[in-house]
Structure formats: C-alpha cells, structure tokens
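Here is what each chain is made of, one letter per residue.
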Amino acid sequence: MFELDVQSRRPIYEQLMEKFKELMISEVLREHDQLPSVRILAQELTINPNTIQKAYRQLETDGYIYTIPGKGNFVLPQRNSKNSLKEEKIKSELTKVLAEALYIGIEKKEIYRIVEETSLLAKGGNT
C-alpha cells in the first residue's frame, strides 16, 4: 500500500501524508473509509507508531480525516475537497510540465496560446 523512502531527506510522516492524500485523490480511499490503525500500520511499515500518529494528526488538522475516539481514523466527507484535492494534484503536475516546457525552449507565448486553445475547447468552443 505504501512505499516510503527512508533515505529521503523528507520526513516519513510527510511521505505518509502524501500517500494518504494520493489515495484520497484517486478515490481508493473514499468518504468515511477507515484508515489502518496506528499499531497495524506501524507493524506493516516497521516504523515508529508516533510517526504515524503525527501524520494522522496533521491530516486531521488539514481537514482530510476525522477521528472517532476508540474507533479510529476515517476519511472526512469533503464537500469540495475532492475537487480541491484533484486541483492540488493537477496544479502540481502542471507546474512540472510547464517548467519542463520552458526548460526545453517552448516560449511563453506558445504556452499561453495552448492554454487559451484548451480553455475554449473545455468550454465547448471551436479553435
């Protein structure tokens, strides 16, 4: 379920948070789905339970999950969060693609033209 890079400079709890967000974005985890318990996930990933608890706490603070004492952690029903989660992922991917496009020499004017053309197509217009 998770592949963590223990040699990364990025903290394990942040990697866990990103993995859970990806699962929510891709709708593998849906509203009200229960997340694995801290103890079970710690055993499976062979990491400190406090690290998992920190990731869960931050996900709850950020509005991705909710906790029911004695029951566990669950995916929070998101009014617009599905859209905002997807928007976050798309923006990240778009930033990478645009940076690469600029790096290989595609001019800003061409990028703007593509954006305008795509915008018209998305609205049902013709180019």
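What counts as what
Residues numbered from 1 in each chain as written. Predicted model: local features only at pLDDT ≥ 70, side-chain atom pairs only at ≥ 80, totals over all residues. Heavy atoms only, no water. Helix = DSSP H or I, 4+ residues; strand = E, 2+ residues; numbered from the N terminus. Buried < 20%, exposed > 50% of the residue type's maximum accessible area, 1.4 Å probe, protein only. Contact = heavy atoms within 4.5 Å. Areas by Shrake-Rupley, 256 points an atom, 1.4 Å probe, with all protein chains shown as cover. pLDDT = per-residue confidence, 0-100. Patch = residues over 30% accessible without salt bridge, like charges linked within 9 Å, V, L, I, M, F, W, Y side chains within 5 Å. Salt bridge = Lys/Arg side-chain N within 4 Å of Asp/Glu carboxyl O. Core = buried A, V, L, I, M, F, W, Y, C linked by side-chain atoms within 4.5 Å.

**Focus on the overall build of the protein**
- Scanning the protein from N- to C-terminus turns up five helices and two strands.
- Taking all 127 residues of the protein together, the buried fraction comes to 24%.
- Sequence separation of at least 24 residues holds for 48% of the intrachain contacts in the protein that already meet a minimum separation of 6.
- Accessible surface computed for the protein: about 9400 Å², of which carbon and sulfur atoms make up 51%.

**Observations concerning the confidence of the model for the protein**
- Residues with a pLDDT of 70 or more make up 89% of the protein, whose mean pLDDT is 87.
- Averaged pLDDT values over the elements of the protein bottom out at 82 in helix 4 (residues 81–103) and peak at 96 in strand 2 (residues 72–75).

**Some thoughts on a nonpolar patch on the surface**
- A cluster of nonpolar side chains, Ile90, Leu94 and Leu98, forms an exposed patch at the surface whose accessible area comes to about 260 Å².
- Relative to the helices and strands, isoleucine 90 is located in helix 4.
- Exposure remark for isoleucine 90: the relative accessible area of 52% places this residue in the exposed category.

**Side note on the nonpolar core**
- Grouped together as the largest cluster of nonpolar side chains are 21 residues, with contacts concentrated most on Leu16, Phe20, Leu41, Ile52 and Tyr56.
- Those elements giving two or more residues to this core turn out to be helix 1 (12–25), helix 2 (38–45) and helix 3 (49–61).
- Leucine 41 has contacts with Phe2, Leu16, Phe20, Pro36, Ile52 and Tyr56, leaving out every residue within four places of it along the chain.

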